[in-house]
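Commentary on secondary and tertiary structure
Next come the chains, spelled out residue by residue.
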Amino acid sequence: MTSRRRAPARPTPPARALLDPRELKKLTALMEESGLVELEIESGGERVRLVRGRLAAPAVESVGTTAAPTRAVRREAELESGARAITSPMVGTFHRAAAPETPAFVEVGDVVERGQVLCLIEAMKMMNEIEAEFRGRVAAIAVENGRPVEYGEPLFLIEPL
Amino acid sequence: MFTKILIANRGEIALRVIRACRELGVASIAVCSTADRDALHARLADERVCVGPEAPEDSYLNVPAILSAALSRGADAIHPGYGLLAENGDFAEACERSGLAFIGPRVRHLRLMGDKPRARRIVEKAGVRVLPGSPEPLADLADARTVADAIGYPILVKAAAGGGGRGLGVARDADALAAAFAVARTEGERAFGNNLVYVERYLERARHVEVQIVADRDRRLVHLGERDCSVQWRRQKLVSEAPAVGIDRRLRAQLVEASALAAEAVGYTNVGSVEFLVDPDGGFYFIEMNTRVQVEHAVPEALTGIDLVQLGIRVAAGEALALEQKQVTARGHAIECRVHAVSDAGPGARATVAAFHAPGGLGIRVESALQAGETVALAGEPLLAKVLAHGATREEALARLRAALAELVIDGVPTNLALLGRVLADPELARGPVHTNWLEDHAELARAAG
């Protein structure tokens, strides 16, 4: 496996637990709106994967708890309908920062401009910059730093501004 | 041994490799297109990576995406299955450059045997007979005419990068040569991206017999006997069986020896099959070598009990063949048929599998990745299932296969099951052997194929 480089822990505002039914409801509504069939999200040390099946309601599957809280969905960036997913255009490894010691390109709550670099996907030892396709606020970062991603996998949820 | 293998394929062969990996204690990664996320191979592998959109060139033939999937997930080898990238020398080379083992022969074997006129020259030089033909690809139609006049009609025009029954045109006389030449050229360009063609004398009443071999890196070579694949429809094998009916010990020994000569001529390693045409007098001619696990690999597996897919993985991992020729014993008779979709509809035609039931019972083996509810693209008449029957005798194997096909349910997709049923019930086939044009010539049987 690729070695995992985790972003340094940052002070974050208290977040509502992902497994809170209200939070789950918001996430499922967001999936419906955006047409996502699968969403994996990490917050407050919890990781939740939601998979939308043929039934109207998405199935919820908890895929475990991470050791330490690394990032959180900010209160002010509470997920609203209308957020759109930025998906991976290629297969590779997800990097939130240009290098392990440099800050992440974006954090949840940041406003990003069209064309702004959101992350790097490493494929065949090449770093490929993934840019925001529109101006908006980062609502969620769907993938853990250093994790392999597949084609079409949602990386960020961004609310257009 | 490898720790994690990425399988660059889909369908039943991907499942077959996943199974072998599991038995060997090796992790597996399936790749899929956006249309195949719920396909059985994507569900049953230890990991799944979507590598691109539905079009094969964007997903299953997307070399950078496949290599990136293997590298980002920590795979150490790639199994190409058959078809797709299996005989692509450039892909095998790209795997090796990325530090990934290609589970198959060496790059040079793919290149030498993939260039069909060159393979003919190499094998002929090694002392194996080939049909009279053009030693080099032909420049143009005039060149083809000159060679055809010299060797005599009928003539088969073949794509130089072809194989598997594609890129072929038959000319029974000089007038038909232009059309056959054009067919081979166009199909070669379309299917293999190469419009070079060559010609060979065409045998009308020959049988297709091939020999399964496996060789390790130290060139220890073992064969797993011959099989007959003469029941063909539009030059695609429909029924394969072993042992081949009416091939006596002397001829079998000659075929096996010729196969070893062909493989050794290029220093071949891993699993492969050497294909021959056998004429009614017992004369035989090398046609090509398949440098990969074959669709029909379950036939020698049934007879010998040897797992060819596992063996191929072991050889690619550098293990020596822990198998000697005298340990390979064939038991009984095996017959396998290919159940595929049939369609006259356009390239975008699809059908949904309403119901699927695989037969079972003593001596029956079904290899299929079909699932009820799944949508099948009909273009190219894809393989839906392989059904194999093994019995103590040919009669027993045939009876078991007929019974199994009667049990097989594939609702919602047009298939060749009716044709297979008639073929397997045909008295001429029961008497055996038949030649490669038998089914096409057989009016009543052919009608069943629509």
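Because the structure is a prediction, the values reported are computed rather than measured.

**So, the overall build of chain A**
Per the secondary structure count, chain A includes one helix and eleven strands. From first element to last, N terminus to C terminus, chain A shows the α and β order α-β-β-β-β-β-β-β-β-β-β-β. Within chain A, residue pairs in contact and separated by at least 24 positions form 61% of the contacts whose partners lie at least 6 positions apart. Total accessible area computed for chain A in this model is approximately 8,000 Å², and 52% of it derives from carbon and sulfur atoms.

**What to know about the overall build of chain B**
In terms of helices and strands, chain B carries 16 helices and 20 strands. Against the compact-globule benchmark of 22 Å for 450 residues, chain B has a radius of gyration of 21 Å, which places it among compact chains. Along the three orthogonal principal directions, the C-alpha set of chain B runs to about 55 × 50 × 50 Å. The 450 residues of chain B split such that 56% are buried. When contacts within chain B are restricted to residue pairs at least 6 apart in sequence, those whose partners lie at least 24 apart make up 65%. Counting every atom, chain B has about 17,300 Å² of accessible surface; 50% of that belongs to carbon and sulfur. Between the centroid of the 52 positive side chains of chain B and the centroid of its 58 negative side chains there is a distance of 2 Å.

**A closer look at the interface of chain A and chain B**
Contacts between the two partners involve 14 residues from chain A, matched on the other side by 19 residues from chain B. When chain A packs against chain B, close to 1,200 Å² is buried across both sides, 55% of that on carbon and sulfur atoms. For Glu 150 of chain A, the salt bridge identified is with Arg 37 of chain B, shortest N-O distance 3.1 Å. Taken together, the residues of the side of chain A that touches chain B break down into seven nonpolar, four polar and three charged.

**Brief notes about the sheet that holds strand 5 (residues 92-95) of chain A**
What the four strands build is an open sheet, ordered 8-7-5-10 (chain A); its pairing is antiparallel. What marks the edges here is a single partner per strand, and that holds for strand 8 (126-131) and strand 10 (148-149) of chain A. In the sheet, strand 7 (residues 117-123) of chain A pairs with strand 8 of chain A via six bridges, with the strands oriented antiparallel. If you follow Ile 121 of chain A over to strand 8 of chain A, its bridge partner there is Asn 128 of chain A. Running over the sheet, helix 3 (residues 63-72) of chain B touches strand 5, strand 7 and strand 10 of chain A and is turned about 60° from strand 5 of chain A.

**Digging into the packing of helix 12 (residues 394-407) of chain B against helix 13 (residues 417-425) of chain B**
All names here are of chain B. The interhelical angle for the contact between helix 12 and helix 13, taken along N-to-C directions, is 155°, at an axis separation of 10 Å. Judged by the inter-axis angle, helix 12 sits roughly antiparallel to helix 13. Relative to helix 13, helix 12 is oriented so that their crossing is left-handed. Between helix 12 and helix 13, the contacting residues are Leu 398, Leu 401, Arg 402 and Leu 405 on the first element and Leu 417, Leu 420, Leu 424 and Ala 425 on the second. Class assignment of the residues belonging to the contact of helix 12 with helix 13 gives a composition of seven nonpolar, no polar and one charged.

**With respect to the domain arrangement of chain B**
All names here are of chain B. The domains assigned to chain B are domain 1 (4-103), domain 2 (132-201) and domain 3 (207-448). Relative to domain 3, the C-alpha centre of domain 1 lies at a distance of 23 Å. Taken residue by residue, the interface counts 24 residues in domain 1 and 28 residues in domain 3. Of the roughly 1,900 Å² buried between domain 1 and domain 3, counting both surfaces, carbon and sulfur atoms make up 57%. Inspection of the domain 1/domain 3 interface yields six salt bridges. Across the pair Arg 16 and Glu 301 runs a salt bridge whose closest N-O atoms are separated by 2.8 Å. Where domain 1 touches domain 3, the interface holds ten residue pairs in polar contact (both at pLDDT 80 or more). Those elements that provide at least two residues to the side of domain 1 that touches domain 3 are helix 1 (11-24) and helix 2 (40-44).

**Focus on helix 12 of chain B**
Residue and element names in this part refer to chain B. Spanning 14 residues, helix 12 covers 20 Å between terminal C-alpha atoms, matching the ideal 20 Å at 1.5 Å per step. Burial in helix 12 covers these residues: Arg 394, Ala 397, Leu 398, Leu 401, Ala 404 and Leu 405. All buried residues of helix 12 fall inside an arc of 130° around its axis, so they share one side. Pointing more than 90 degrees away from the buried face of helix 12 are the exposed residues Glu 395 and Ala 406. Turning to helix 12, the residues buried within the fold contact strand 11 (236-242), strand 14 (333-340), strand 17 (364-368), strand 19 (383-391), helix 13 and helix 14 (427-431).

**Let's talk about the pattern of salt bridges**
Enumeration according to the criterion identifies 38 salt bridges over all chains in this entry. Across the salt bridge formed by Arg 48 of chain B and Glu 150 of chain A, the nearest N and O atoms sit 2.7 Å from each other. You can see Arg 48 of chain B sitting in strand 3 (residues 47-52) and its partner Glu 150 of chain A sitting in the loop between strand 10 and strand 11 (154-160), one on each of two chains. Residue classification places Arg 48 of chain B among the partly exposed residues on the basis of a relative accessible area of 22%.

**Re the sheet that holds strand 8 (residues 197-201) of chain B**
Residue and element names in this part refer to chain B. Taken in spatial order, the three strands of this open sheet run 7-6-8, and their pairing is antiparallel. Looking along the sheet, the strands with just one partner apiece sit at the ends: strand 7 (166-171) and strand 8. The sheet shows a mean angle of 30° between the axes of neighbouring strands, direction not considered. Bridging between strand 6 (residues 155-163) and strand 7 involves five bridges; their strand directions are antiparallel. Within the sheet, the bridge partner assigned to Val 157 lies in strand 7 and is Gly 169. The strands touched by helix 6 (residues 116-125) within the sheet are strand 6 and strand 8, with strand 6 carrying the most contacts at an inclination of about 100°. The sheet strands contacting helix 8 (residues 174-192) are strand 6, strand 7 and strand 8, and the helix crosses strand 7 at an angle near 180°.

Parameters at a glance
- Residues numbered from 1 in each chain as written.
- Chains lettered and ligands numbered in written order.
- Predicted model: local features only at pLDDT ≥ 70, side-chain atom pairs only at ≥ 80, totals over all residues.
- Heavy atoms only, no water.
- Helix = DSSP H or I, 4+ residues; strand = E, 2+ residues; numbered from the N terminus.
- Contact = heavy atoms within 4.5 Å.
- Areas by Shrake-Rupley, 256 points an atom, 1.4 Å probe, with all protein chains shown as cover.
- Rg over C-alpha atoms; globule rule 2.2 N^0.38 Å.
- Buried < 20%, exposed > 50% of the residue type's maximum accessible area, 1.4 Å probe, protein only.
- Lys, Arg positive; Asp, Glu negative; His and termini not counted.
- Charge placed at Lys NZ, Arg CZ, Asp CG, Glu CD.
- Buried area = accessible area lost by both parts, 1.4 Å probe.
- Salt bridge = Lys/Arg side-chain N within 4 Å of Asp/Glu carboxyl O.
- Nonpolar A, V, L, I, M, F, W, Y, C, P; charged D, E, K, R; others polar.
- Pairing = 2+ DSSP bridges.
- Axes fitted to C-alpha atoms, helices over the stretch in contact; angles between N-to-C directions.
- Parallel < 35°, antiparallel > 145°, perpendicular 65-115°, else oblique.
- Left-handed = near helix turned anticlockwise from the far one by under 90°.
- Domains from an automatic or database assignment.
- Polar contact = N/O pair within 3.5 Å; in protein donor to acceptor, adjacent residues only side chain to side chain.
- Expected span 1.5 Å × (residues − 1).
- Arc of directions from axis to C-beta.

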